[in-house]
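Spelled out, the chains give:
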2 protein chains.
Amino acid sequence: MTDFTATRAMFHLPDGIIYLDGNSLGPLPIGAREKARQVLDDEWGEMLITGWNRAGWMALPQQLGARIARLIGAEADNVMVGDTLSTRLYQALAAALAMTDRKIVLTDHGNFPSDLYMAQGLLDTLGQGHQLRVVAPEDVAANLTDDVAALMLTQIDYRTGRMHDMVALSAAAQACGTVTVWDLAHSAGAVQVDLAGANADFAVGCTYKYLNAGPGAPAFIYVAPRHADTAHTLLNGWLGHAEPFAFEPTYRPGPGITRMRVGTPAIIQMRMLEAAMDVWDLVDMADVRAQSVALCDRFIAGVEATCPALALASPRDAAQRGSQVSFRFANGYAAMQALIARGLIGDFRAPDIMRFGFTPLYIGPDDVDAAVAIIADVMATRAWDAPQFHTRHAVT
Amino acid sequence: MTDFTATRAMFHLPDGIIYLDGNSLGPLPIGAREKARQVLDDEWGEMLITGWNRAGWMALPQQLGARIARLIGAEADNVMVGDTLSTRLYQALAAALAMTDRKIVLTDHGNFPSDLYMAQGLLDTLGQGHQLRVVAPEDVAANLTDDVAALMLTQIDYRTGRMHDMVALSAAAQACGTVTVWDLAHSAGAVQVDLAGANADFAVGCTYKYLNAGPGAPAFIYVAPRHADTAHTLLNGWLGHAEPFAFEPTYRPGPGITRMRVGTPAIIQMRMLEAAMDVWDLVDMADVRAQSVALCDRFIAGVEATCPALALASPRDAAQRGSQVSFRFANGYAAMQALIARGLIGDFRAPDIMRFGFTPLYIGPDDVDAAVAIIADVMATRAWDAPQFHTRHAVT
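Please read these numbers as outputs of a predicted model, since none were measured by experiment.

Visitor: Can you explain the sheet that holds strand E4 (residues 79-81) of chain A? Please cite residues and give values.
Guide: All names here are of chain A. Across the sheet, which stays open at both edges, the seven strands sit in the order E4-E10-E9-E8-E7-E5-E6 with mixed pairing between neighbours. Each of the sheet's edge strands pairs with one partner strand only, and the pair in question is E4 and strand E6 (131-135). Adjacent strand axes in the sheet meet at a mean angle of 20 degrees when their direction is disregarded. Judged from the five bridges that link them, strand E5 (residues 104-108) and E6 form a sheet pairing that is parallel. Looking across to E6, one finds that Asp 108 is bridged to Val 135.

Right, here's the structure in full:
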């Protein structure tokens, strides 16, 4: 059994704060401080350029990928860390489309907008008449026809927490000859994912949310072993070359997942990810999921019992829900500001979504109860209806 | 006058090391330690998600771009930091090609291979018959014909330090209706660059070399003001959207350089860059260049006077040279290992280039003299001809 008391002690959590926004940015693993000291003083400071070999910097993107692999049901050698999620999505979709002559990319309007934007940029540039077909989440399966090149989905909706059935949709896609590209932004570290079991083709994700690797932490990409040695690389960075230090004039992709490296990796951010993975290595995702469901159910029950004005926006059925709970409220922006002022941090997504993430590594039932009490009080007293809570910020 | 004694005191330089590889990875600015403490403890640790506003994370990529702008003769509002140099080159070249119906991208074989690789990936994907024309560096001007869409050059050759005349080539390109894309990897912080004066169209660069921002530090992109509001964005990341937090389904590029943002920026690496820029803010690039030329000339004279086996590979004329000096030697790999074993760190580039970077911020004439003495001794005693120096590593 995972010891969540032990994992909680591995994070710095500010005094007086209940943090239900780990689905947006996870908290500081205490071990990150020592990693920062190590990478600055022992490595960059003392080894200088020789750190690429002596400190093992060059191997970090794949080593960290192997540690993430366990959490998402991937083969250890098929995950590469680096760059941003937007860039990784672009790379994965380009590779998927290179496998087929079909022109349609199927997605849903619950997808994170950056995925849609990156796909629009890519499809326009391909100039071959590719088309992005955006349907409602519940209509994805019905739109999986045998002219669909790629199914590009974010498994868990960033607003509502609604979760697609990855196994069923991957199987349906495969039956149509459609290549799958899964975005695991709100899945990795949140729910049990089994990429290998689902026979997924490509997947991407980020590490600053549930994985707790810090602001701007690197993304990752997964390529199924059956594609890894032939996957098309559009972003032909030198570190994806078969022999980067041969400095050949023409690109030759490296073996397997190594071809998905692009430019020089962000080593300092990767050491932070390493600190985060030192916690994850102690954790069983089945335990995380069970506890997450318990926390979410407890939160829904508590809020619904005390706050009739808040309407559940997330699926009630835990099997269809990720590790967040959202409520709709017309004054949700102001209400979230009022909660934050009382030390309960969630976030708001336009037009009316109040979003709360549940992260068993450092959030327990007592936190849920305390959060419910604060929400109940803010709603009962209409504390949100004060002028200072109505001033908009770019990010909440 | 820039006080180079003061700047030197702002870096951690390991005992017993003469570091002539700042052209590959600059040393640790001492201020980076406090920045790391700040971003981990005060910001990520305490502010959590609210750091995006309260700690100013969201503004960092453009603020840091404005500080770099001064060093490269760019308008302050036209430089954006983030992602890797390979990705930025791809972005800039895509924007350049969107401005013209011409199909030829002219470059030279002194370009860093990653630029050639990224261009190959992009041109293949465009599928419109684009062609990469790779000529010898000295033949670039003669190949600037009025069918060339884009001139894509790394200003300073990573092997020899040979420097293109940016003003002359930009003017020649403009006379042909050719869009320019300059890679400043070995220029930013190394030589005086005047992007605005040269009327350059696009430029990209990295910050881990002469700018000293650490392993995997972010890249930057420059877009001339006349293009900034219309430049094509192929990498349509959400943070380049006009209103990222409106979460609209369709991409609308933001105003000016903001459209060149892609995904979530690497905040911890950016705080390291900030520490590096705290040094650069005290520096006049004219002083850096004058001192760099003096150091390079002194080094060439010293080595040529003592090491007849080493053949100068860099231009002798400082006006045609960046801030590095390279020598050819058939056993250059082993010789560089022997130098490193004696505390003189330079690097090696196949097949026979020994490369030494000169960085006035922390390297002075005494270091040059000490380096020459070590090289002279290693060459005179054939110290490099020991078995342990012939074992190859991936990176030196």
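Visitor: An account of the interface of chain A and chain B is requested, with residue identities and associated values reported.
Guide: With 74 residues of chain A in contact, the opposing surface of chain B contributes 74 residues. At the level of secondary structure, the elements contributing two or more residues to the side of chain A that touches chain B comprise helix H2 (31-47), helix H3 (51-54), helix H5 (85-97), helix H6 (113-126), helix H10 (267-280) and strand E14 (347-349) of chain A. Among the elements that line the side of chain A that touches chain B, the one with the most residues is H6(A), at nine residues. Residues of the side of chain A that touches chain B, tallied by class, amount to 42 nonpolar, 25 polar and seven charged.

Visitor: Please set out the domain arrangement of chain A residue by residue, giving values where relevant.
Guide: Residue and element names in this part refer to chain A. In terms of domains, chain A is made up of domain 1 (4-29 + 284-390) and domain 2 (56-280). Inter-centroid distance (C-alpha atoms) of domain 1 to domain 2 is 28 Å. Counting residues per element, the ones that place at least two in the side of domain 1 that touches domain 2 are helix H11 (285-306) and strand E12 (324-328). Top element by residues in the side of domain 1 that touches domain 2 is H11. It accounts for four residues. Residue classes in the side of domain 1 that touches domain 2 are distributed as 11 nonpolar, 13 polar and three charged.

Visitor: Let's hear about unusual backbone geometry: which residues, and what values?
Guide: Between Ala350(A) and the following residue, Pro351(A), the backbone shows a cis peptide bond with an omega angle of 0 degrees. With respect to the helices and strands, Pro351(A) occurs in the loop between E14 and strand E15 (353-357). In this model, Asn199(A) sits at a positive phi of 60 degrees, which is unusual for a non-glycine residue. Looking at where Asn199(A) falls in the secondary structure, it is placed in the loop between helix H8 (195-198) and strand E9 (202-206). C-beta crowding within 10 Å serves as the criterion here: with 16 such atoms nearby, Asn199(A) is assigned to the partly exposed category. Phi at Asn212(B) takes a positive value of approximately 70 degrees, unusual for a residue other than glycine. On the secondary structure map, Asn212(B) appears in the loop between strand E9 (202-206) and strand E10 (219-223). Residue classification places Asn212(B) among the buried positions, given that 29 C-beta atoms sit within 10 Å.

About the criteria used
Residues numbered from 1 in each chain as written. Chains lettered and ligands numbered in written order. Predicted model: local features only at pLDDT ≥ 70, side-chain atom pairs only at ≥ 80, totals over all residues. Pairing = 2+ DSSP bridges. Helix = DSSP H or I, 4+ residues; strand = E, 2+ residues; numbered from the N terminus. Axes fitted to C-alpha atoms, helices over the stretch in contact; angles between N-to-C directions. Contact = placed C-beta atoms within 7 Å. Nonpolar A, V, L, I, M, F, W, Y, C, P; charged D, E, K, R; others polar. Domains from an automatic or database assignment. Buried ≥ 20, exposed ≤ 12 C-beta atoms within 10 Å, placed from the backbone.

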